[in-house]
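Breakdown of the fold
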Amino acid sequence: MTEPLDSRHPQNVDRIERLVGTVLKEQPPRRAPSSLEARVMAELERRAALPWWRMSFLHWPLLVKAAFVLGSLALVKFALTSTVILAGRVQSDPVVETITRPLGWAGRTADSFSRAASFCSTLFNAIPSHWLYIGTALAITLYIAAVALSATAYRTLYANK
Amino acid sequence: MHAYQDMVFSTAARLTGNDAVAEDLAQETFLKAYEHFDTLKESPTAGGWLKTVVTNLTLNHLSRYRKRWKFFSDLRRPDAEEDDSESGVPEALLGLSSPDDLFGGVQADERRAIVERALKQLPEHQRVPLVLYHFEEMPYQDIAQHLKVSLPKIKTDIMRARLALAKVMSGSGLTLENLET
């Protein structure tokens, strides 16, 4: 056997580059699978068969595009105007009662959440700060351990197969 | 499409090292081409356009895949393989001046298959810059920019890829006798 030479020597690097470069340049293109053309044609037919409203906005007819933009602008204007008008009139009690009556359950639910949040906040303030630091450190450690464990599992069970 | 499908598929297959993914990318490239059919059908640069599109689509695909698995892939990068490819190159290999010397009596078809297999065996961080440099004739600087990797690393990866490729090729097709002639 001949002794290995230093592959980092500039002269050797150049020779290997030339040799490998020549081999790769002589390499003909790989033959595409026979199914490729059929797949492309089938996908083109599928796309052509789609109605315009299932295509992207760019492919919509020009008139529909214009109508959509105008409609959107009108909707925005309507929403803004309605908000301003409602904000002015909503002061009267009958209106407020009409709106809030069907939403009573939502109010009660929000109230319950608010009490629960208040209780949690009181509890949180009662915990000594060093316990919080220990808890945070523990959570971070567990998180890192979980990531390391899954990485090891990936390497052992999947990547090395 | 007939005229370009092999070129498009080859580019994607050599960059990804995966024929199924390469077929998907080739399909996507031709679908994009059909969207620009009016400008491309008479264009003399249609081949170049297709090559650019398939290269960019493939690099985007690889970049998405790399980000998704970066953490895990970094863990499993085989350092031993890197060390091996840098350790040296047989003197006999350096004495060769042409592919015919390298492959000796190996038939052309078999020679092509050996090269394609050797390319597939390279790790992605070596294969992609090597293919971009030798097949796509992209300069080192452009490869570094495309892959968002430093220029020295690109040069090192390509050098290691060449060495690994030369070793695999010589190991597949050569006996010591026809290496030394």
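This text gives an overview of the structure that appears in the document. Quantities reported herein were computed from a predicted structural model and do not represent experimental measurements.

**What about the pattern of salt bridges?**
One pass over the full model with this rule turns up 12 salt bridges over all chains. Arg-162 of chain B is paired through a salt bridge with Glu-17 of chain A; the nearest N and O atoms lie 3.7 Å apart. Taken as a pair, Arg-162 of chain B in helix H11 (residues 151–173) and Glu-17 of chain A in helix H1 (residues 10–25) lie in two separate chains rather than in one. Residue Arg-162 of chain B is classed as buried on the basis of its relative accessible area of 3%. Of the charged contacts, one joins Arg-39 of chain A and Asp-24 of chain B as a salt bridge, the two residues approaching to 2.6 Å between their closest N and O atoms. Of this pair, Arg-39 of chain A sits in helix H2 (residues 35–49) while Asp-24 of chain B sits in helix H2 (residues 19–35), which puts the two residues in different chains. According to the relative accessible area criterion, Arg-39 of chain A is partly exposed, its value standing at 28%. Given a relative accessible area of 39%, Asp-24 of chain B falls into the partly exposed group. Three or more residues joined by partner-sharing salt bridges are found here, namely Glu-43, Arg-46 and Arg-47 of chain A together with Glu-35 of chain B.

**Observations concerning the packing of helix H1 (residues 5–16) of chain B against helix H9 (residues 124–134) of chain B**
A pair of packed helices is characterised by two quantities: the angle between their axes and the separation of those axes. Residues and elements named next belong to chain B. In the contact formed by H1 and H9, the axes pass within 8 Å of each other and the chain directions differ by 145°. Here Arg-14, Leu-15 and Thr-16 of H1 come into contact with H9, specifically with Arg-127, Val-128, Val-131 and Leu-132. Its residues placed into classes, the contact of H1 with H9 shows four nonpolar, one polar and two charged.

**Concerning helix H10 (residues 140–147) of chain B**
Residues and elements named next belong to chain B. Taken as a whole, H10 has its buried residues at Ile-143, Ala-144 and Leu-147. One side of H10 holds all its buried residues, which, seen down the axis, span an arc of 100°. Looking one or two residues beyond H10, the residue adopting positive phi is Lys-148, at roughly 55°.

**Concerning the packing of aromatic side chains**
Residues and elements named next belong to chain A. Applying the stated criterion across every chain, the model contains seven aromatic pairs over all chains. Look at Phe-57 and Phe-68: their rings are 5.8 Å apart centre to centre, the planes differ by 55°, and that puts the pair in the tilted class. A residue pair is termed long-range when its members are at least 10 positions apart, and Phe-57 in the loop between H2 and helix H3 (62–89) and Phe-68 in helix H3 qualify at 11 residues. Among the residues examined, Phe-68 registers a relative accessible area of 43% and is labelled partly exposed. Seen from their ring centres, Trp-60 and Phe-68 are 5.4 Å apart, and the 85° between their planes marks the pair as edge-to-face. Judged by relative accessible area, Trp-60 falls into the buried class, the value being 18%.

Conventions and cut-offs
Residues numbered from 1 in each chain as written. Chains lettered and ligands numbered in written order. Predicted model: local features only at pLDDT ≥ 70, side-chain atom pairs only at ≥ 80, totals over all residues. Heavy atoms only, no water. Salt bridge = Lys/Arg side-chain N within 4 Å of Asp/Glu carboxyl O. Helix = DSSP H or I, 4+ residues; strand = E, 2+ residues; numbered from the N terminus. Buried < 20%, exposed > 50% of the residue type's maximum accessible area, 1.4 Å probe, protein only. Axes fitted to C-alpha atoms, helices over the stretch in contact; angles between N-to-C directions. Contact = heavy atoms within 4.5 Å. Nonpolar A, V, L, I, M, F, W, Y, C, P; charged D, E, K, R; others polar. Arc of directions from axis to C-beta. Phe/Tyr/Trp six-rings, centres within 6.5 Å; stacked < 30°, edge-to-face > 60°.

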